Amino acid sequence: MSDDHTHVQEFFTVRAADWDARFPDDGPAYAAAVTDLGLRPGDHVLDAGCGTGRALTPLRTAVGPSGVVLGADLTPAMLEAAVQAGRHLDGQLLLADVAALPLRTESLDAVFAAGLIAHLADPAGNLRELARVVRPGGTLALFHPIGRAALAARQGRQITPADLRAEANLGPLLAGSGWRMTSYVDEDSRFLALAVRTD
């Protein structure tokens, strides 16, 4: 395991047990972002970096009983918290790294990723791996329940021009990784970039 992975696991392991309690009001923002992803009944969708699985229930609602919902995370403690919250009932949980997903090429219709991009060791390579598992024309949602400025203020830092989530940086990053950005919203109440898998 790389040092980057070890750092991510350590960061989330110590926070897993009370993660949901720290952000109790995020549910509606997750549900709205899933709605914007435009899923249909029967679709196959991955929650990449699913954490405690807060997106799994709205994803299941969107794809219905005939759809497939997967949640992948690198940190066992976060997946354990998802099980304790009962969210494993809405999707299959996988202990997996987004750098090498145990999924067939073009086996999914969409990927939902909340708060993921800031934790990627190789953003371009990892986004290419997400593109690999999505069919051409499939969709990607990069989401955070608060916008970049609000998140920076919460963390006591300033937004820098190098921020990967800045529209000027994210568009080219996605374009070089098999995606075309179709919409971009960065408001205090949420961050949501949607993209389509190119051929």
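See the structure shown above.
Residues numbered from 1 in each chain as written. Predicted model: local features only at pLDDT ≥ 70, side-chain atom pairs only at ≥ 80, totals over all residues. Heavy atoms only, no water.

Student: Explain the overall build of the protein here, please?
Tutor: Per the secondary structure count, the protein includes eight helices and seven strands. Counting all 199 residues of the protein, 51% fall into the buried class. Counting contacts in the protein only where the partners sit at least 6 residues apart, residues at least 24 apart contribute 66% of the total. With the model as given, the accessible surface of the protein reaches about 9,300 Å², and the carbon-plus-sulfur share is 54%. (Helix = DSSP H or I, 4+ residues; strand = E, 2+ residues; numbered from the N terminus. Buried < 20%, exposed > 50% of the residue type's maximum accessible area, 1.4 Å probe, protein only. Contact = heavy atoms within 4.5 Å. Areas by Shrake-Rupley, 256 points an atom, 1.4 Å probe, with all protein chains shown as cover.)

Student: Sorry if this is basic, but what is going on with helix 8 (residues 167-175) here?
Tutor: Because each turn of an α-helix spans 3.6 residues, side chains separated by three or four positions end up pointing in the same direction. Looking at helix 8, one finds that the buried residues are L170, G171, L173 and L174. Axial view of helix 8: buried residues confined to an arc of 170°, hence all on one face. Residues of helix 8 that are exposed and point more than 90 degrees away from the buried face comprise A168, P172 and A175. Packing partners of the buried residues in helix 8 comprise helix 6 (123-132), strand 5 (134-144), strand 6 (179-187) and strand 7 (190-197). (Arc of directions from axis to C-beta.)

Student: Could you clarify how one ought to interpret the sheet that holds strand 3 (residues 92-95) in this entry?
Tutor: Sheets are built from strands paired through backbone hydrogen bonds, the pairs being either parallel or antiparallel. Reading across from one edge, 3-2-1-4-5-7-6 is the order of the seven strands in this open sheet, with mixed pairing throughout. The outermost strands of the open sheet, each flanked by one partner alone, are strand 3 and strand 6. Adjacent strand axes in the sheet meet at a mean angle of 15° when their direction is disregarded. Here strand 1 (residues 44-48) pairs with strand 2 (residues 68-73) via five bridges, running parallel. The residue of strand 2 that forms the bridge with V45 is V69. Across the sheet, helix 6 is in contact with strand 1, strand 4 (108-114), strand 5, strand 6 and strand 7; its angle to strand 5 comes to roughly 130°. (Pairing = 2+ DSSP bridges. Axes fitted to C-alpha atoms, helices over the stretch in contact; angles between N-to-C directions.)

Student: Even after reading the chapter, I still don't get the pairing of strand 5, so can you show me in this structure?
Tutor: Successive residues of a regular strand alternate their side chains across the two faces of the sheet. Relative to strand 5, strand 4 is paired through six bridges, and the arrangement is parallel. Within strand 5, the residue paired with F112 across the bridge is A141. Both strand 5 and strand 7 contribute to a ladder of six bridges, which runs antiparallel. Residue pairing for strand 7: H144 is matched across the bridge by F191.

Student: Hey, could you run me through the pattern of salt bridges in this one?
Tutor: Once their charged atoms are close, side chains differing in charge can pair, the charge on each being opposite to the other. The final tally for this structure, using the stated rule, is six salt bridges. Note that D163 and R148 form a salt bridge whose closest N and O atoms lie 3.0 Å from each other. One end of the pair, D163, is in the loop between helix 7 (148-154) and helix 8; the other, R148, is in helix 7, with 15 residues separating them in the sequence. The exposure class of D163 is buried, given its relative accessible area of 16%. (Salt bridge = Lys/Arg side-chain N within 4 Å of Asp/Glu carboxyl O.)

Student: Mind showing me how you'd approach the environment of D188 here?
Tutor: Topologically, D188 is positioned in the loop between strand 6 and strand 7. Remark: the alpha-carbon pair of D188 and A150, spanning 38 residues in sequence, is separated by 5.5 Å. Among all residues touching D188, those that are not within four sequence positions of it are I146, G147, A149 and A150.

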